[in-house]
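# What the coordinates show
For reference, the chains in residue letters:
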Amino acid sequence: MKTETTLIDLALSQTGTAVEQFALQDATQKDASGRQEVFRALIPTQIPEDGEQYAFEVDVDRCSACKACVSACHHMNGLSPDESWRRVQQWFGENEHHSWVHTVTSACHHCVNPECMNGCPVGAYEKDAISGIVKHLDDQCIGCEYCIWKCPYEVPKYHEAHGVVRKCDMCSDRLANHEEPACVQACPHDAIRIQTINQDRLSHELAQRRFKDNAIYPGAPSSAITQPSTSYLSKRSLDKTHWTTYQAPVSEAKPHWPLIAMLTMTQWGLGMMLSHFIGFDNNSISTVSILNHGLGLLIFMIGLVSSSFHLGQPRKAWRFFLGLKKSWLSREILAFSLLAFVLLADLSHQFFPWIPSTFHAARAWVVLSLGLGAVLTSVMIYHDTHRSSWLFPRTASRFFGTVLMGIFTANMLLNFGAGEPSSGEILSLGIITCVLGGMKLKFCLSKAPDKIVKSRLNFVFGLGCMGMLITILGSFLKWPETLILMSLLLGIGIFFTLEIIERYQFFTMSRSPSAARVHPPVIP
Ligand code: SF4
Ligand code: SF4
Ligand code: SF4
């Protein structure tokens, strides 16, 4: 009996699944050497010349999202179950006539100007002088995760068990032996290939384009940041104006608790000590003054020590000086180490009177300049990641705001150490503290995910202001000093807690430049 051929039969006979096409392709090749010829066409036959480097080239029209590349990379590099150096995403495009969807594979772009390498404090990256491949040196890494923030594509992945980050090395060992990288070899559609590009030409082309329109694929960050070498090809337009862009679903980033503690406590503690050093404290030998200074130093040191819990390999951190030339993280470690040394040396003069007195006389200016310089390096670490919520004005106002909170709240305490508290000073310091705390709260509320969180934060802020109000009223109306001190300590404690919450949101609400504008969904 004659059977009719349906449209579905026709469609299937023309395309088939990726696996079917792969099987068909293999079957039609005369022998294994035929496939070898295909592989050879997927990698350059010669090593790059001066000013050239290897680069991925991805034919978007060929990618079918079969994820053979992801699987091959996983197998070849022995990755953990939750680790992936290659990913496959979807893009949605449209013009006035029709719309379309593309699936596309991406990995490290082996950039001409690799920001991951520039930010690493211990030189755990190198860009190969011949191949241009950006390699990560696992045995040098201290697991600070800064390169993840520095890479606009968030390519490096942190490996919890090993305490280091890892990433694609373009299967450099295989390439050196004229073998294709695992992902290139595994793709049934030959969608990925390795080509040789001229670095100067790439930089020149990027410089010609407008800053925001030079992304390598729709929704990617500006290529001006790192000059990624990967190129994407398609018969359709890859102009970002033809692609649907949509907001990333809000999912919280890691909070990094050791860094929250480090930033908040070093800045607040520094503020407390600066109130002693820069002359607000008129009675530097009072018990309260010494207690304030000691407490400030203790808070500062706890913050400093807590930062080491952030590192996957803290014992290797002594090599931080290797990145001083380019890395703000190296500079931050140096600045805070020097500051800690000066503060401890200053403390030691109580016990070692033979230390030259000129050192102690100059300490105020040394601590002031070193302290503010150290906080500035902290600001620059985050500004340098190109994340919109971490740019200089926002980060500087947050971090230096915490120093000011430390200064003003400490001065309110010091007023009690001066014997007769000055009501006028308490009033002005209390108002300044509440205004500063309110500005900090505004940072939190602008990013707070829901109304309940917002109302709770407002309530906490109100409690802090209440503590300050009781302190101010008590100092004017001559209430018992214990009551005033208790309400002041309550207010200070609440404002400090608000600082922690503000810093929690600083980390959890940050978005990489690639996620800030669009979010091509990763295919699970
Ligand atoms: S894509 Fe990211 S990890 Fe890869 S070289 Fe560029 S900056 Fe470094
Ligand atoms: S030391 Fe830090 S910046 Fe350097 S590779 Fe390791 S995690 Fe990245
Ligand atoms: S080149 Fe090698 S390491 Fe890089 S994504 Fe492909 S298989 Fe993975």
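## Brief notes about the site of ligand 1
- Cys-108, His-109, Cys-111, Cys-116 and Cys-151 are the nearest of the 13 residues found near ligand 1.
- Taken together, the residues of the shell around ligand 1 break down into nine nonpolar, two polar and two charged.

## With respect to the packing of aromatic side chains
- On inspection of all chains with the given rule, the structure shows 17 aromatic pairs.
- Aromatic pair Trp-149 and Trp-390: ring centres 5.0 Å apart, planes at 85°, arrangement edge-to-face. Of the two residues, Trp-149 sits in helix H6 (residues 146-150) while Trp-390 sits in the loop between helix H13 (357-383) and helix H14 (392-417), which places them 241 residues apart along the sequence. For the pair Trp-149 and Trp-390, one class covers both residues: buried.
- These aromatic residues form a ring-pair network of at least three members: Trp-149, Tyr-382, Trp-390, Phe-399, Phe-506 and Phe-507.
- The ring of Trp-328 is capped by Arg-331, whose NZ or CZ atom sits 4.6 Å from the centre of that ring.
- Seen from the ring of Trp-390, Arg-387 lies directly overhead, with NZ or CZ sitting 5.0 Å from the centre.

## Brief notes about the site of ligand 2
- Neighbouring ligand 2 are 13 residues, the closest being Cys-120, His-136, Cys-141, Cys-144 and Cys-147.
- Looking at side-chain class alone, the shell around ligand 2 contains 10 nonpolar, two polar and one charged residues.

## Comments concerning the pattern of salt bridges
- Under the counting rule described, the total for this entry stands at 14 salt bridges.
- Residue Asp-59 is joined to Arg-62 by a salt bridge in which the shortest nitrogen-to-oxygen separation is 3.5 Å.
- On the basis of relative accessibility, which here comes to 39%, the residue Arg-62 falls in the partly exposed class.
- Across the pair Lys-150 and Glu-115 runs a salt bridge whose closest N-O atoms are separated by 2.5 Å. Taken together, the positions of Lys-150 in helix H6 and Glu-115 in helix H5 (residues 115-119) put the pair 35 residues apart, joining distant regions of the chain. Accessibility classification places Lys-150 together with Glu-115 in one group, the buried group.
- Each of the salt bridges in this network shares a partner with another, and the network as a whole consists of Arg-398, Lys-440, Glu-499, Glu-502 and Arg-503.

## Quick word on the side chain of Ser-378
- Inspection of the secondary structure assignment puts Ser-378 in helix H13.
- The class of Ser-378 is buried, set by a relative accessible area of 0%.
- When near neighbours in sequence (up to four residues on either side) are disregarded, Ser-378 contacts Leu-263, Glu-332, Phe-336 and Phe-399.

## Description of the packing of helix H16 (residues 451-477) against helix H17 (residues 481-508)
- Running from N to C, H16 and H17 point in directions that differ by 150°, and their axes come no closer than 8 Å. Between H16 and H17, the angle falls in the class roughly antiparallel. Read as a crossing pair, H16 and H17 show a hand that is left-handed. Along the contact surface, H16 presents Leu-457, Val-460, Phe-461, Leu-463, Gly-464, Cys-465, Gly-467, Met-468, Ile-470, Thr-471, Gly-474 and Ser-475, while H17 presents Ile-484, Ser-487, Leu-488, Gly-491, Ile-492, Ile-494, Phe-495, Leu-498 and Ile-501.
- Here the contact of H16 with H17 is composed, by residue class, of 14 nonpolar, seven polar and no charged.

## Examining the sheet that holds strand E1 (residues 52-59)
- Strands sit in the order E8-E1-E9 across an open sheet of three strands; the sheet is mixed. What marks the edges here is a single partner per strand, and that holds for strand E8 (192-198) and strand E9 (231-233). Going from strand to strand, the sheet's axes swing by 35° on average, the running direction of each strand aside.
- Pairing analysis gives three bridges linking E1 to E9, with the strands arranged parallel. Looking at E9, one finds that Val-58 is bridged to Tyr-232.
- Sitting on the sheet, helix H9 (residues 199-208) touches E1 and E8, and the angle it makes with E8 is about 85°.

## A closer look at the pairing of E1
- The element E1 is extensively covered by neighbouring structure, given that six of its eight residues are classed as buried.
- With seven bridges connecting them, E1 and E8 associate as antiparallel partners. Its bridge partner lying in E8, Ala-55 is registered against Gln-195.

## Things to note about unusual backbone geometry
- A positive phi is found at Lys-67, a non-glycine position, where the angle reads about 65°.
- Here Lys-67 lies in the loop between E1 and helix H4 (68-77).
- Although it is not a glycine, His-256 sits at a positive phi angle of roughly 55°.
- The topology assignment puts His-256 in the loop between E9 and helix H10 (257-277).

## What about the state of the cysteines?
- What the rule picks out here adds up to zero disulfides.
- Left unpaired, Cys-69 is separated from the closest cysteine sulfur, that of Cys-66, by 6.4 Å.
- By relative accessible area, which is 8% here, Cys-69 ends up buried.

What counts and how
- Residues numbered from 1 in each chain as written.
- Chains lettered and ligands numbered in written order.
- Predicted model: local features only at pLDDT ≥ 70, side-chain atom pairs only at ≥ 80, totals over all residues.
- Heavy atoms only, no water.
- Near = heavy atom within 4 Å.
- Nonpolar A, V, L, I, M, F, W, Y, C, P; charged D, E, K, R; others polar.
- Phe/Tyr/Trp six-rings, centres within 6.5 Å; stacked < 30°, edge-to-face > 60°.
- Helix = DSSP H or I, 4+ residues; strand = E, 2+ residues; numbered from the N terminus.
- Buried < 20%, exposed > 50% of the residue type's maximum accessible area, 1.4 Å probe, protein only.
- Lys NZ or Arg CZ within 6 Å of the ring centre and 35° of its normal.
- Salt bridge = Lys/Arg side-chain N within 4 Å of Asp/Glu carboxyl O.
- Contact = heavy atoms within 4.5 Å.
- Axes fitted to C-alpha atoms, helices over the stretch in contact; angles between N-to-C directions.
- Parallel < 35°, antiparallel > 145°, perpendicular 65-115°, else oblique.
- Left-handed = near helix turned anticlockwise from the far one by under 90°.
- Pairing = 2+ DSSP bridges.
- Disulfide = S-S within 2.5 Å.

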